[in-house]
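# Structural overview
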Amino acid sequence: MKLHVATLLALLATANGFAPLMPSNRLTKSNTARSVLADPEAVSAKKAKLAKIEELKTKSANLLAPLQDEMKTSEISVNKDAMQILKYHGSYMQTDREKKGKPKDYQFMLRLKQPAGLLPPDLFILLDDLSRDYGQGDLRATTRQCFQLHGVMKGDLKTVVSSIMNIGSSTVGACGDVSRNVMTTPAPFKTPEYEAAREWSKVFGHLFRPMTNAFSEIWLDGEKAASFNVDEVMKHDTGRGVVLPHPVEPIYGDRYLPRKFKIAVTVEGDNSLDIYTNDIGCVVVMNDEKTEVLGFNVMVGGGMGRTHNKESTFARAADHLGFIAKDDMMEAMKCIIATQRDHGNRDVRANARMKYLVHTLGIQNFKKLVESYLGKEIEPWREQKPFKYADWMGWWEQGDGKMFLGVHVDNGRVKDEGEFRLKSALRAITDKYMRPMIMSPTQSILISDVAPEDVAGIDAILADHGIKPINEVDPLARLSMACPALPLCGLAQTEAERRMPSYIERVRNILTTLDIDEEEIMMRMTGCPNGCARPYMAELAFVGDGMDTYQLWLGGSPVLTRTAWPFMQKMKDKDLEATLTPILSMFKEQKHEFEAFGDFTHRVGEEKIREYCEGKVPGLK
């Protein structure tokens, strides 16, 4: 059971040394351990308030029930409880919301787990085939460096999942209240710091996957259960309450985490992955010679999800926790996750992410709490060079004599449509050259390890399939992201992916009319406030709040180091030009030399922009 915030703050304020904040009679059959409150009545009262999903997780036999039985029925759907457990297996049940009538057209979306965004050629070939034979014919690159496969029928789900698992990939933990896909900078440079970022990302992805055999039991008939062994590093117990006495999940226990958990790793200066939006962000710290990893600068408490008209929910950029030496890093990561596991909010799902725990305690008290698990102080954050943003599109030298190519994907949708046949182009390149690919945090794809003599051939294949070279792609499109939204997402309130291309064109026309066509503005769009496309970090964001209406957000950083703020609660789609023209006119008139749009709106602030736009922007209050 987690501590009440007031009790926890009081304990932290009077803490002496690093004594673990836990009783000797710690609960051993659930994730509610680590509390100084031993009153049985208080425990019962607290349990009664828990979100329903917490009870469901506990009764699921570590993510097995009731999904195992539901997958054996002839129904085209699964029941509500099985639908929740299915998320931990990497799948969401969906319906096409544009198809009216009954019965509903149930289908399933599968999301892969691809730590560091790695996409081997044999995996891409398999996914291409599966999407054609069992899906809706396309693939969707997500904002967390993995593919989604849409349109799978329930009867085909086992075939698709088992095929992915048997090739050595996985959908395990791609969704649900566990560590999600671990991100890293996609640039495949062959330098010690970039190689370290990739390797540690893969390690974290492996370390914090769910350990249960439920995945092999359901999808592989138990044949591959041995693949999900409990690593020694997970079982290593310092006696400070990090490891639970649980036979299956030593870190997660029966109830897993209060909410989804996101980890990312990068190198200093490279913020191509929105590092500040993660629950834990790790920045590789090298020695002066750049030959050896000393440790990591670690940040905590980032997250995008929020709820309209509920001020207790908000987007948040991570705080700097401090520096952690390489030898302590594995244990420290376990300690941070244990902190959220034991003290995160399990009563209210909307406030269950770790960002709310960090926000409520403050970074210093949160640090003390982590140190109570770790048993030592966390060192101060080490100075590093400022972050910059790059999408790594176009051709680059890797540093080992080979090249890599960043291929822009509009809103992550890998498909063949008309003369633009991206899916077929990538398949042709893979069939001929068998080069590995890397998923980008911005919904695009990198082809790596290309021999210089193969560059012309790859360019020719792309051109033959109607794919523009990167210098012909509008910079607004390169900088944009949008979530899938309608018609399949059950949370979408309006369009995103299907509308973003028109917004890029309309904003481009405004910039041209104002004679500021050279400006590059990072725009993002989501169909609801949950923030899957990380809109609250963008310079200009559209967050769906009703059919054909959006909240308008301004002030994010072009290098993705701060959150934006809401300028308008409801902008109608038809009013886009009338709304943005005054704001961009003010930008043109008052910006400093070389000042980016996001930095300008952040500097001048909401009040001055409102004064300038008064009487010019429809619906502005």
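Residues numbered from 1 in each chain as written. Predicted model: local features only at pLDDT ≥ 70, side-chain atom pairs only at ≥ 80, totals over all residues. Heavy atoms only, no water.

### Here we look at the nonpolar core
Here is the rule: Put simply, buried Ala, Val, Leu, Ile, Met, Phe, Trp, Tyr and Cys residues joined by side-chain atoms within 4.5 Å make one nonpolar core. Using a 1.4 Å probe on the protein chains alone, a residue whose accessible area is under 20% of its type maximum counts as buried, one over 50% counts as exposed, and one in between counts as partly exposed. In this text, helices come from DSSP runs of H or I with a minimum length of four residues, and strands from runs of E with a minimum of two, each type numbered from the N-terminal end.
By size, the foremost hydrophobic cluster in this structure holds 114 residues, and its most contacted members are Phe147, Phe204, Trp219, Ile280, Ile336 and Phe366. Looking at which element gives the most residues to this core, the answer is helix α11 (residues 329-343), with 7 residues. The next biggest cluster of nonpolar side chains, apart from the first, holds 44 residues, and it includes Val473, Ala485, Met500 and Phe597.

### Some words on the sheet that holds strand β2 (residues 106-111)
Cut-off, in case you're wondering: Strand pairing is assigned whenever DSSP detects at least two bridges linking the two strands.
An order of β1-β2-β5-β4-β13 is seen for the 5 strands of this open sheet, with the pairing classed as antiparallel. Because the sheet does not close on itself, it has two edges, and the strands there are β1 (91-95) and β13 (413-414).

### Remarks on the pairing of β1
Among the 5 residues that make up β1, 4 are buried, leaving the element largely enclosed by the rest of the structure. Bridge count between β1 and β2: 5 bridges; the pairing is antiparallel. The residue of β2 that forms the bridge with Tyr92 is Met109.

### Considerations on the packing of helix α6 (residues 121-133) against helix α14 (residues 422-433)
Put simply, the test is: Here the axes come from fitting lines to C-alpha atoms, over the contacting stretch only for helices, and the angles between their N-to-C directions go from 0 to 180 degrees. Angle categories are assigned with fixed cut-offs, so that under 35 degrees is roughly parallel, over 145 is roughly antiparallel, 65 to 115 is roughly perpendicular, and the rest are oblique. By definition, turning the near helix anticlockwise from the far helix through less than a right angle yields a left-handed crossing, and turning it clockwise yields a right-handed one. Whether two residues are in contact is decided by their heavy atoms, any of which lying within 4.5 Å being enough. Put simply, Ala, Val, Leu, Ile, Met, Phe, Trp, Tyr, Cys and Pro go in the nonpolar bin, Asp, Glu, Lys and Arg in the charged bin, and everything else, Gly too, in the polar bin.
Two elements in contact, α6 and α14, have axes separated by 10 Å at closest approach and are oriented at 140°. Regarding the angle of α6 to α14, the classification is oblique. In the packing of α6 onto α14, the handedness of the crossing is left-handed. Between α6, through Pro121, Phe124, Ile125, Asp128, Asp129 and Ser131, and α14, the contact on the second element is made entirely by Lys423, Leu426, Arg427, Thr430 and Asp431. Among the residues forming the contact of α6 with α14, the class breakdown is 4 nonpolar, 2 polar and 5 charged.

### Some words on the pattern of salt bridges
Just so we agree on the cut-off: A pairing counts as a salt bridge when a side-chain nitrogen of Lys or Arg comes within 4 Å of a carboxyl oxygen of Asp or Glu.
Taken as a whole, this structure holds 44 salt bridges when the rule is applied. For Lys423, the salt bridge identified is with Asp128, shortest N-O distance 2.5 Å. Taken together, the residues span a long stretch of sequence, with Lys423 in helix α14 and Asp128 in helix α6 at a distance of 295 residues. Under the relative-accessibility criterion, Lys423 is labelled buried at 7%.

### A look at the confidence of the model for the protein
Definition in use: Each residue gets a pLDDT score, which is the predictor's confidence in that residue and runs from 0 to 100.
A residue-level look at the protein finds 91% of positions with pLDDT of 70 or above and a mean pLDDT of 92. Predicted confidence is poor over residues 20-48, with pLDDT under 50, and the contacts of this stretch with residues over four places away or in other chains come to 61 contacts. Ignoring residues within four places in sequence, the model shows residues 225-230, a span with pLDDT below 50, making 16 contacts including any to other chains.

### Brief notes about unusual backbone geometry
In this model, Ala65 is joined to Pro66 through a cis peptide bond whose omega is -5°. In this structure, Pro66 sits in the loop between α3 (52-59) and α4 (67-70). Going from Leu486 to Pro487, the amide bond is cis rather than trans, its omega being 10°. Relative to the elements of secondary structure, Pro487 occurs in the loop between β18 (481-482) and α17 (500-513). For Leu63, which is not glycine, the phi torsion reads 75° and is therefore positive. Residue position: Leu63 is located in the loop between α3 and α4. Residue Leu63 is classed as buried on the basis of its relative accessible area of 0%. Even without glycine at this site, Arg534 takes up a positive phi of about 50°. Considering the arrangement of structural elements, one finds Arg534 in the loop between β19 (523-526) and β20 (540-546).

### Structural notes on the sheet that holds β19
Taken together, the 5 strands give an open sheet; going across it, the order is β18-β19-β20-β21-β22, and neighbouring strands pair in mixed fashion. Unpaired on one side and paired on the other, β18 and β22 (565-572) mark the two borders of the sheet. Where β19 meets β20, 4 bridges bridge the pair, whose relative direction is parallel. Across the sheet, the residue bridging to Arg524 is Ala541, located in β20. Along the sheet, helix α18 (residues 576-590) contacts β20, β21 (549-554) and β22; its crossing angle with β22, the most-contacted strand, is approximately 150°. Along the sheet, helix α19 (residues 597-613) makes contact with β20, β21 and β22, crossing β22 at roughly 60°.

### Side note on the side chain of Gln94
Mapped onto the elements of the fold, Gln94 is located in strand β1. Judged by its relative accessible area of 10%, Gln94 is buried. In this structure Gln94 touches Asp105, Tyr106, Gln107, Met109, His150, Leu488 and Cys489, once residues within four positions along its chain are discounted.

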